[in-house]
Amino acid sequence: MPKKPENDALVTEITPRSQDFSRWYLDVVRRAELADYSPVKGCMVIRPYGYAIWELIQQAFDRRFKATGHVNAYFPLFIPEGLLQKEADHVEGFSPQVAYVTHAGGEALEEKLVVRPTSEAIIGTMYAKWVQSWRDLPILINQWANVVRWEKVTRPFLRTTEFLWQEGHTAHETEAEAEEETLKMLGVYQEVVESELAMPVLTGRKTDSERFAGALRTYSIEALMGDGRALQAGTSHNLGQNFAKAFEIKFQARDKSLQYVWGTSWGVSTRLVGGLIMTHGDDSGLILPPRVAPYQVVIVPIPRGNWQETVLPKAQAIRDELTAKGIRVMLDDRDSQTPGWKYAEWEMRGVPLRLEIGPRDVENGQVVLVRRDTREKTPTPMAELATRVPALLDDLQRALFERAVQFRQEHTTRVDSWDEFKAVMEGRPGFVIAPWCGSAACEAEVKAETQATIRNLPLGEQRSGGACIKCGKAAVAEAYFAKAY
Ligand SMILES: [Zn+2]
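Just so we're clear, the structure is a prediction, and the values are computed from it rather than from any experiment.

## Digging into the domain arrangement of the chain
In terms of domains, the chain is made up of domain 1 (18-280), domain 2 (291-407) and domain 3 (412-482). Once you take the C-alpha centre of each, domain 1 and domain 2 turn out to be 37 Å apart. Taken together, the contacts link 22 residues of domain 1 with 17 residues of domain 2. In this assembly, domain 1 packs against domain 2 so that about 1600 Å² is buried in total across both faces, 64% of it on carbon and sulfur atoms. Considering only the side of domain 1, the residues that lose the most area to domain 2 are Y49, L56 and E196, jointly responsible for 35% of the buried surface there.

## Some remarks on helix 15 (residues 440-450)
Along helix 15, the positions that sit buried rather than exposed are C442, E443, V446 and T450. Buried positions in helix 15, seen along its axis, are confined to an arc of 100 degrees and lie on one side of it. Lining the buried residues of helix 15 we find helix 14 (418-425), strand 21 (431-436), strand 22 (453-458) and strand 23 (477-482).

## A closer look at the packing of aromatic side chains
Inspection of every chain in the model, using the stated rule, returns 18 aromatic pairs. Ring plane angle 40 degrees and centroid distance 5.1 Å describe the contact between F21 and W24, whose orientation is recorded as tilted. With F21 and W24 both in helix 2 (residues 21-31), this residue pair falls three residues apart, about one helical turn. Each member of the pair, F21 together with W24, is buried. Centre to centre, the rings of F75 and W130 are 6.1 Å apart; their planes meet at 40 degrees, and the pair counts as tilted. Of the two residues, F75 sits in the loop between strand 3 (71-72) and strand 4 (78-80) while W130 sits in helix 6 (residues 120-130), which places them 55 residues apart along the sequence. Overall, the relative accessible area of 39% leaves W130 in the partly exposed class. An aromatic cluster of three or more residues is present, and its members are W54, F61, F65, W144, Y189 and W266.

## Describing helix 10 (residues 307-324)
Because an α-helix packs 3.6 residues into every turn, residues spaced three or four apart end up facing the same way. The terminal C-alpha atoms of helix 10 lie 24 Å apart, and with 18 residues this matches the ideal 26 Å at 1.5 Å per residue to within 8%. In the stretch just after helix 10, G326 is the one whose phi turns positive, near 90 degrees.

## Overview of the coordination of the zinc ion
Surrounding the zinc ion are the protein donor atoms C437 (SG), C442 (SG), C468 (SG) and C471 (SG), at 2.2 to 2.4 Å. Bound by four donor atoms, the zinc ion shows angles of 104 to 119 degrees at the metal and therefore tetrahedral coordination geometry. When its relative accessible area of 6% is taken as the criterion, C442 is described as buried. When its relative accessible area of 4% is taken as the criterion, C468 is described as buried.

## A few points about the sheet that holds strand 19 (residues 377-381)
In space, the five strands of this open sheet follow the order 16-15-17-18-19, with mixed pairing throughout. Each end of this open sheet is capped by a strand with a single partner; those strands are strand 16 (329-331) and strand 19. In this sheet, neighbouring strand axes are inclined to one another by 25 degrees on average, regardless of whether the strands run parallel or antiparallel. Bridge analysis of strand 17 (residues 353-357) against strand 18 (residues 366-371) gives four bridges, and the strand direction is antiparallel. Each residue of the ladder has a partner; that of L355, found in strand 18, is L369. The sheet strands contacting helix 10 are strand 15 (297-301), strand 16, strand 17 and strand 18, and the helix crosses strand 16 at an angle near 170 degrees.

## Topic: the environment of M225
Looking at the element boundaries, M225 is found in the loop between strand 10 (217-224) and strand 11 (230-240). Each C-alpha atom of the pair M225 and K256 lies 52 Å from the other, and the pair is 31 residues apart in sequence. If near-sequence neighbours (up to four positions away) are discounted, M225 is found in contact with M199, L231, G275, M278, T279, F407 and Y485.

## Comments concerning the layout of surface pockets
One number sums up the size of the second largest pocket: a volume of about 240 Å³. Lining the second largest pocket are 16 residues, with P290, R291, Q296, G326 and R328 sitting closest to its centre. Mapped by element, the contributors of at least two residues to the lining of the second largest pocket are helix 3 (48-67) and helix 13 (385-410). Looking at the lining of the second largest pocket residue by residue, the classes come out as six nonpolar, four polar and six charged.

## Quick look at unusual backbone geometry
For the bond from L137 to P138, the omega torsion is -5 degrees, close enough to zero to count as cis. Topologically, P138 is positioned in the loop between helix 6 and strand 7 (139-148). At E33, a position not held by glycine, the phi torsion is positive, near 60 degrees. Mapped onto the secondary structure, E33 falls in the loop between helix 2 and strand 1 (35-37). The exposure class assigned to E33 is partly exposed, which follows from its relative accessible area of 31%. Its identity as a non-glycine residue notwithstanding, Q451 has a phi of 70 degrees, on the positive side. Counting through the fold element by element, Q451 comes out in the loop between helix 15 and strand 22. Taking relative accessible area as the criterion, Q451 reaches 58% and is therefore assigned exposed.

## Observations regarding empty space enclosed by the protein
All chains considered together, the criterion is met by two cavities of 30 Å³ or more. The computed volume of the largest cavity comes to approximately 130 Å³. Within the residue set of the lining of the largest cavity, elements represented by two or more residues are helix 6, strand 8 (162-172), strand 11, helix 8 (242-247) and strand 14 (262-269). For the lining of the largest cavity, the element with the most residues is helix 6, which contributes four residues. Grouping the amino acids of the lining of the largest cavity by side-chain chemistry returns eight nonpolar, seven polar and one charged. Taken as a whole, the second largest cavity spans an internal volume of roughly 60 Å³. As for the second largest cavity, its lining consists of V298, W346, E347, V351, L353, R354, V370, R371 and R372. For the lining of the second largest cavity, the class distribution of residues is five nonpolar, no polar and four charged.

What counts and how
- Residues numbered from 1 in each chain as written.
- Predicted model: local features only at pLDDT ≥ 70, side-chain atom pairs only at ≥ 80, totals over all residues.
- Heavy atoms only, no water.
- Domains from an automatic or database assignment.
- Contact = heavy atoms within 4.5 Å.
- Buried area = accessible area lost by both parts, 1.4 Å probe.
- Buried < 20%, exposed > 50% of the residue type's maximum accessible area, 1.4 Å probe, protein only.
- Helix = DSSP H or I, 4+ residues; strand = E, 2+ residues; numbered from the N terminus.
- Arc of directions from axis to C-beta.
- Phe/Tyr/Trp six-rings, centres within 6.5 Å; stacked < 30°, edge-to-face > 60°.
- Expected span 1.5 Å × (residues − 1).
- Donors = N, O, S within 2.8 Å, 3.2 Å for Na, K, Ca; no water.
- Tetrahedral: all angles 85-135°; square planar, octahedral: opposite > 155°, others 65-115°.
- Pairing = 2+ DSSP bridges.
- Axes fitted to C-alpha atoms, helices over the stretch in contact; angles between N-to-C directions.
- 1 Å grid on protein atoms, 1.4 Å probe; cavity = no way out; pocket = protein on both sides within 12 Å on 5 of 7 lines; lining within 4 Å.
- Points joined across faces, edges and corners; volume = space filled by probe spheres on them.
- Nonpolar A, V, L, I, M, F, W, Y, C, P; charged D, E, K, R; others polar.

Written out as structure tokens, the structure reads:
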């Protein structure tokens with residue numbers, strides 16, 4: 001459908017996706033007022049519209065965490081330096097990114113404080129106090145918090161020095177229980193991201209070189225962005241007994257022996273907002289899946305004649321009716337802007353459905369519904385809105401997911417040789433599935449030559465046999481490679 005000229009004038013501020021994807025991304029973040037740069041380098045301000053999206057994401061996860069038996073708590077932002085150093089791999093993994101507090105209250109601190117990059121150390125210390133017996137287990141605690149990782153290169157939502165996230169930390173009696181929890185939360189992540197954010201993800205195990213510092217095994221969900229790059233969208237770690245040993249989290253087992261607990265930790269962050277933008281957006285801006293859209297419907301009254309006496313009361317009645325059905329509605333009754341400007345503005349902000357209503361519509365007892373994804377216009381009787389709008393929102397949610405699944409299918413290639421791998425990786429191929437021998441050296445060489453990393457090793461059935469694309473030795477797994485954020 002051709003756009004009205006007035007729309008074009010407004011959206012030219014957004015660089016076309018095909019022209020420069022990363023410019024497009026930054027333009028959308030800025031124009032849709034999701035986030036802004038701050039006076040602190042690498043730290044972003046999440047603006048109200050962006051924060052509203054995050055709150056919906058947060059609520060969706062929080063519901064599932066609670067439904068699976070977890071409770072929320074809060075631990076301090078500061079960690080005494082000595083605590084972080086107790087787990088050797090952990091401190092080594094995080095030390096380049098750690099920020100310290102050295103002075104406070106006008107004095108140099110006796111012991112430096114670390115601004116948490118993650119909370120295993122402080123939470124482990126507390127669990128050591130709280131756990132005595134097998135009867136105290138499992139501990140299933142989640143924390144919603146901010147963390148700080150000093151990053152050299154940052155990008156709003158995708159990589160920022162301070163970010164918001166949740167971190168689940170659990171302690172169990174047995175290794176099997178910890179592994180079950182790790183995979184259960186990976187499944188929760190997949191379910192929420194696919195059903196609420198409409199982003200299909202691959203679940204799998206990270207290679208040893210990509211494993212969380214101090215973990216036994218790390219699993220991840222990996223999404224594919226519109227430019228063919230992968231995005232790690234969440235991780236779940238089986239910590240084994242590493243942290244329990246470092247922090248002395250011991251309990252008396254059922255057989256009276258003294259044992260270390262088995263731990264897990266898992267997290268998703270504001271990075272998911274970036275994932276949403278890059279999965280669904282188009283040249284006109286954001287497209288938000290209805291379940292995480294701050295406004296699911298925007299009503300734009302057409303100001304003709306005495307519209308404030310005729311159209312506006314109808315629009316208000318529709319807003320109230322839809323709101324009562326649990327739908328998030330914005331009635332844009334501003335005098336200061338034209339309908340055309342509002343159409344472009346709310347399209348850019350990704351509102352899934354637009355409802356246009358003018359004097360003639362009021363006479364005919366109907367409105368026009370316009371989908372953000374297809375821009376399809378449907379005249380709809382007012383009397384049917386309470387059923388048609390929720391149905392359309394559901395359909396749009398499903399359509400966005402299906403479109404993303406199809407995109408991933410079209411951007412997933414299976415290769416068996418190094419030449420083929422290199423040729424495919426030259427463009428923006430998405431996921432490339434290839435046999436891998438399991439050696440970190442091959443993984444590193446692939447990365448050095450093509451920038452591609454192993455995103456994860458899928459959990460499901462695997463094709464057996466084959467030779468490592470890099471060294472030709474027998475493959476142990478089929479790995480999903482991609483260039484990643
Ligand atoms: Zn190899």
